[in-house]
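Structural features, examined
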Number of protein chains: 6
Amino acid sequence: MKRVLFPGRFQPFHKGHYAALTQLLEEYDEVVVAIGSAQEGYTCRNPFTAGERWEMVYNVVKRNNLTGRVWMITVPDINMPLTWTAYTLSMAPRVDAVASGNPQTLYLFEWLGYPVKRIRLVEPSKYYGTRIRDLMIHGSDEWRELVPLEVAEYIDEIKGVERVRRLCLDEHTAH
Amino acid sequence: MKRVLFPGRFQPFHKGHYAALTQLLEEYDEVVVAIGSAQEGYTCRNPFTAGERWEMVYNVVKRNNLTGRVWMITVPDINMPLTWTAYTLSMAPRVDAVASGNPQTLYLFEWLGYPVKRIRLVEPSKYYGTRIRDLMIHGSDEWRELVPLEVAEYIDEIKGVERVRRLCLDEHTAH
Amino acid sequence: MKRVLFPGRFQPFHKGHYAALTQLLEEYDEVVVAIGSAQEGYTCRNPFTAGERWEMVYNVVKRNNLTGRVWMITVPDINMPLTWTAYTLSMAPRVDAVASGNPQTLYLFEWLGYPVKRIRLVEPSKYYGTRIRDLMIHGSDEWRELVPLEVAEYIDEIKGVERVRRLCLDEHTAH
Amino acid sequence: MKRVLFPGRFQPFHKGHYAALTQLLEEYDEVVVAIGSAQEGYTCRNPFTAGERWEMVYNVVKRNNLTGRVWMITVPDINMPLTWTAYTLSMAPRVDAVASGNPQTLYLFEWLGYPVKRIRLVEPSKYYGTRIRDLMIHGSDEWRELVPLEVAEYIDEIKGVERVRRLCLDEHTAH
Amino acid sequence: MKRVLFPGRFQPFHKGHYAALTQLLEEYDEVVVAIGSAQEGYTCRNPFTAGERWEMVYNVVKRNNLTGRVWMITVPDINMPLTWTAYTLSMAPRVDAVASGNPQTLYLFEWLGYPVKRIRLVEPSKYYGTRIRDLMIHGSDEWRELVPLEVAEYIDEIKGVERVRRLCLDEHTAH
Amino acid sequence: MKRVLFPGRFQPFHKGHYAALTQLLEEYDEVVVAIGSAQEGYTCRNPFTAGERWEMVYNVVKRNNLTGRVWMITVPDINMPLTWTAYTLSMAPRVDAVASGNPQTLYLFEWLGYPVKRIRLVEPSKYYGTRIRDLMIHGSDEWRELVPLEVAEYIDEIKGVERVRRLCLDEHTAH
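Notes on the structure follow. Model, not experiment: these values are computed from the prediction.

Some points on the overall build of chain A
In terms of regular secondary structure, chain A is built from seven helices and five strands. Taken over the C-alpha trace, chain A has a radius of gyration of 16 Å; the compact-globule value for 175 residues is 16 Å, and the two agree within 12%. Counting only C-alpha atoms, chain A reaches 45 × 35 × 25 Å along its principal axes. Each of the 175 residues in chain A was classed as buried or not, and the buried ones make up 54%. Sequence-distant contacts in chain A: of pairs separated by 6 or more residues, those separated by 24 or more amount to 72%.

If you want it as structure tokens, here you go:
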């Protein structure tokens, strides 16, 4: 049985993440999604709580019949880059590798001497969190096409767009 | 759909925890096991890493056909009792209540105004972590009867008894 | 007896804060000023220590005969937005609500299910900390009109303008 | 105007603390009570939140006409003994000395080169927190004589004895 | 015997630092280099680990026959400016002064009432870390002239330029 | 060139540590002493600051002509056992192994996959910190024979015995 760790912030979980998940499931039996910056939520840059991001992955798993193949852990920040890797690994089940599309993340696990797998990102200049949140802020519905359907529905359910707008627009007007 | 949060240290996951899990699954559709003190491991009091405790629950889930009904999150300590509850809830999916057999845990969630469910512990003076670790230290095989079969197998696989003995006996002889 | 919590950074305490305080004292018997980011001081963005900000509020209280109606607590950061609210509440006496002009702060307390009161800010584009510190940096005396007289006197006493200039100008020249 | 800082845990605020406060008010115009371990609460050793301890001092102040002469700040732990002093001082208004009956506390402020004042403790083997909490646990009403009347009333109001018993007795029975 | 503390981030240790060291060794018998932000490494702004920065200073010491006159300590961040000074001093041997070219650093030690020594920076607009890292990013070899020879060799040995480029360029392209 | 890391608390640095150092210097060219729990000091269990422990090692180095072969780093606690190893390694120069007489320490570095060297402790039931501090507390001069001469002199110079007695005896009498 082969298992891989897939860390990220997932603000929100988008189609780029989903493509990576699919790609990893071709090679591994199980993927453990490590939801990072887990202590964050309700800020402009991290609008969704770890619990909400957990539910996004959960909905993706349920809808795509991945139950039992995709699991989640929650990993708060410790602000010590070289230490964060050991910290994350100690909270994860044994895995054969750590997968990421982020070269910095790969770099840190390599420093620790851990096997890594570089994910081929699908259209990285299209699918990424900052862009999705910016579209939400500016009132464009285009963000819906950048996340899986069940994530879009979930964001609607928790009134996520309104939250992102309120958090990010207030940042410039409130003192 | 009803969901409940079940926090604990699970050093190790024993039959008392399993009985609680079964009891909760009668009332709730899903249980989210919150593995606490997640930053701990390889100490006498917390010999198993969060990743290992995650695997114990995982094995219990797989063996008992609970996949999709039992999920896990990992929650490191923050050493602020009254704050730890909000911290834990922010990392969990939405739940209808928090369940525990530990009155202190229940107290803290009540302080926050959160619904709690007191678990009826099954033979609490028999099934508890400290006793299990003590049996391991003193070389008694009796601990095997106190944990689910798949947890005993897992502890054997990771040479857990040897580790507990080494960690706890050394504590008194090394300086 | 009705009591309200009024959190802020107060870098420095200005006339907008004072107007909010006056407004709250019309509705509540007591206001507890929670001085946030209390561990900060002597940086460009947070030039005043929590103790100095405490003295600013103290001077305002003494000069305006508010002794016994306005109290202070000091609350260091914990860098966990959703947890900071429970942390702050656990250090405050029991209050009927949390008041703020900052929508993000209100949002976080709402997340916790706590009653909040939105303060009507008086001329928010005129009275705010960043602007006051910028006026100090650029050598304009206009900042004096934006803070209560006793705060201006206090800032003079501790040579606050010189400090702000030194801290903020050095930020760009020292390496 | 002379001001002194009086740090302590105040679990609960007892007659020994009150005697110290009275003694300090003979020599100083104002006393700033620094409520330490402010992040604690609802544990056997620290049953009362910082907010509750703040209210105990508040009630003592109000009842004894000390409003305007006794103030409070809240100081969470940082678990760095030699650093905690600078941390505490940075959150306090300017004081002429730090007063304590605890030689360790005095030692730490002396290390920093700060003026300290050793409080003459009144019957220290009678009035101290651990003893008061032990009396509560063992069901003796004698604790009432060891705290100011208004603190006893406050503890009754928040059902403090029941809480201490529940927290401390459970510590030995729950796992 | 006179000793001075010389704190800095040293990302990397450059000729400006070396000139300061030389200047301090004229007045003091020993210099203790305090390597700050010691928990950092493998980020764009802090590419080198504390251990690597320790080795840079070590190489400078060995090559310039300063063994026994220059020593090192490692000091992680605590994100509490006014407290960081006492924290740093508690980890250093007794020194007669703290030396820095950074006015903010001097300010903080002055706040604590500690003797400070302002270093006359040699061409501060030429020798500073940000500029050196920028030259590395943009592929210019000019950085070599800004650091001591043995530091340049060390950076080559650990493939430091490649690392800086990878960490800083990726920051803009990865999500 | 072979280098080894030697972590410990060194409260105080005693003859057992010195014997280990000598033993390591037979096999390695350089030893890096990692002074752990570096944020501690002025408590009964950790009476000496990291700076003082640094000076103890420094004096041993100077007196025994080990300058240039023995170096020191300072490592504060992070209270995450499995993470502390990566944290410590990131602050140390590159080493060939980590040496310890403490099996728990060795265990943790093994978990990380790092080479370790088990030190043969010389009379571990005679030379250990707790015993030395106990002798100090009980007024016996026997502790002098358990530490290197230059450490005994240093402890006299900083009035260390008086401090240990004051810190440890007060712990039982102050509340």
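Observations regarding the interface of chain B and chain F
Contact residues are listed per partner, giving 11 residues for chain B and 15 residues for chain F. By residue class, the composition of the side of chain B that touches chain F is three nonpolar, five polar and three charged.

Considerations on the environment of D:Thr49
Inspection of the secondary structure puts D:Thr49 in the loop between β2 (30-35) and α2 (50-63). By C-beta crowding, D:Thr49 is classed as buried, having 26 other C-beta atoms within 10 Å. Along the chain, D:Thr49 and D:Ile35 lie 14 residues apart, while their C-alpha atoms are 10.0 Å from each other. In contact with D:Thr49, other than residues within four places in its own chain, are B:Leu82, C:Ser90 and D:Gly41.

Overview of the relation of the copies chain B and chain F
Note that the two copies of the chain are related through a rotation about an axis and a translation along the same axis. Overlaying chain B with chain F gives an RMSD of 0.0 Å, the required rotation being 120° about an axis along which the chain moves by 0.0 Å. What the superposition gives is, in effect, a three-fold axis relating one chain to the other. For chain B, the minimum C-alpha distance to the rotation axis belongs to B:Asn79 and amounts to 6.2 Å.

Concerning the interface of chain B and chain A
Listed as interface residues are 21 residues of chain B and, on the opposing side, 21 residues of chain A. Secondary-structure elements contributing two or more residues to the side of chain B that touches chain A are α2 (50-63), β3 (70-74) and α3 (81-91) of chain B. Of all the elements, α2(B) adds the most residues to the side of chain B that touches chain A, at five residues. Per-class residue counts for the side of chain B that touches chain A are 11 nonpolar, eight polar and two charged.

Remarks on helix α2 (residues 50-63) of chain E
A rise of 1.5 Å per residue sets the reference length of α2(E), with its 14 residues, at 20 Å; its end C-alpha atoms lie 20 Å apart and thus fit the reference within 8%. Among the 14 residues in α2(E), 11 count as buried, and that is most of the element. Those residues of α2(E) that sit buried are E:Ala50, E:Gly51, E:Glu52, E:Arg53, E:Trp54, E:Glu55, E:Met56, E:Val57, E:Tyr58, E:Val60 and E:Val61. The secondary structure elements touched by the buried residues of α2(E) are α1 (15-27), β2 (30-35), β3 (70-74) and α6 (149-157) of chain E together with β3 (70-74) and α3 (81-91) of chain F. Immediately beyond the C-terminal end of α2(E), within one or two residues, lies E:Asn65, with a positive phi of roughly 55°.

Overview of the packing of α3(B) against helix α4 (residues 103-111) of chain B
Residue and element names in this part refer to chain B. Orientation of α3 relative to α4, taken along the N-to-C sense of each, is 75°, at an axis distance of 9 Å. When the axes of α3 and α4 are compared, the pair comes out roughly perpendicular. Side by side, α3 and α4 meet where Pro 81, Leu 82, Trp 84 and Thr 85 of the first sit next to Leu 108, Phe 109 and Trp 111 of the second. Partitioned by chemical class, the residues of the contact of α3 with α4 number six nonpolar, one polar and no charged.

Observations concerning the sheet that holds strand β5 (residues 116-118) of chain D
Residues and elements named next belong to chain D. Spatially, five strands are ordered β3-β2-β1-β4-β5 in an open sheet, and the strand pairing comes out parallel. Taken across any chain shown, the strands that pair with only one partner, and hence form the sheet edges, are β3 (70-74) and β5. Averaged over neighbouring strand pairs, the angle between their axes works out to 30° when direction is ignored. Pairing geometry for strand β1 (residues 3-8) and β2, over six bridges, is parallel.

A look at the relation of the copies chain B and chain A
When chain B is fitted onto chain A, the two copies agree to an RMSD of 0.0 Å after a turn of 180° and an axial shift of 0.0 Å. Such a turn and shift between the copies fits a two-fold axis. Same-surface contact between copies: 100% of interface residues of chain B are shared with the interface of chain A.

Parameters at a glance
Residues numbered from 1 in each chain as written. Chains lettered and ligands numbered in written order. Predicted model: local features only at pLDDT ≥ 70, side-chain atom pairs only at ≥ 80, totals over all residues. Helix = DSSP H or I, 4+ residues; strand = E, 2+ residues; numbered from the N terminus. Rg over C-alpha atoms; globule rule 2.2 N^0.38 Å. Buried ≥ 20, exposed ≤ 12 C-beta atoms within 10 Å, placed from the backbone. Contact = placed C-beta atoms within 7 Å. Nonpolar A, V, L, I, M, F, W, Y, C, P; charged D, E, K, R; others polar. Least-squares fit on C-alpha atoms with pLDDT ≥ 70 in both. Expected span 1.5 Å × (residues − 1). Axes fitted to C-alpha atoms, helices over the stretch in contact; angles between N-to-C directions. Parallel < 35°, antiparallel > 145°, perpendicular 65-115°, else oblique. Pairing = 2+ DSSP bridges.

Remember, this is a structural readout, not a statement about activity or role.
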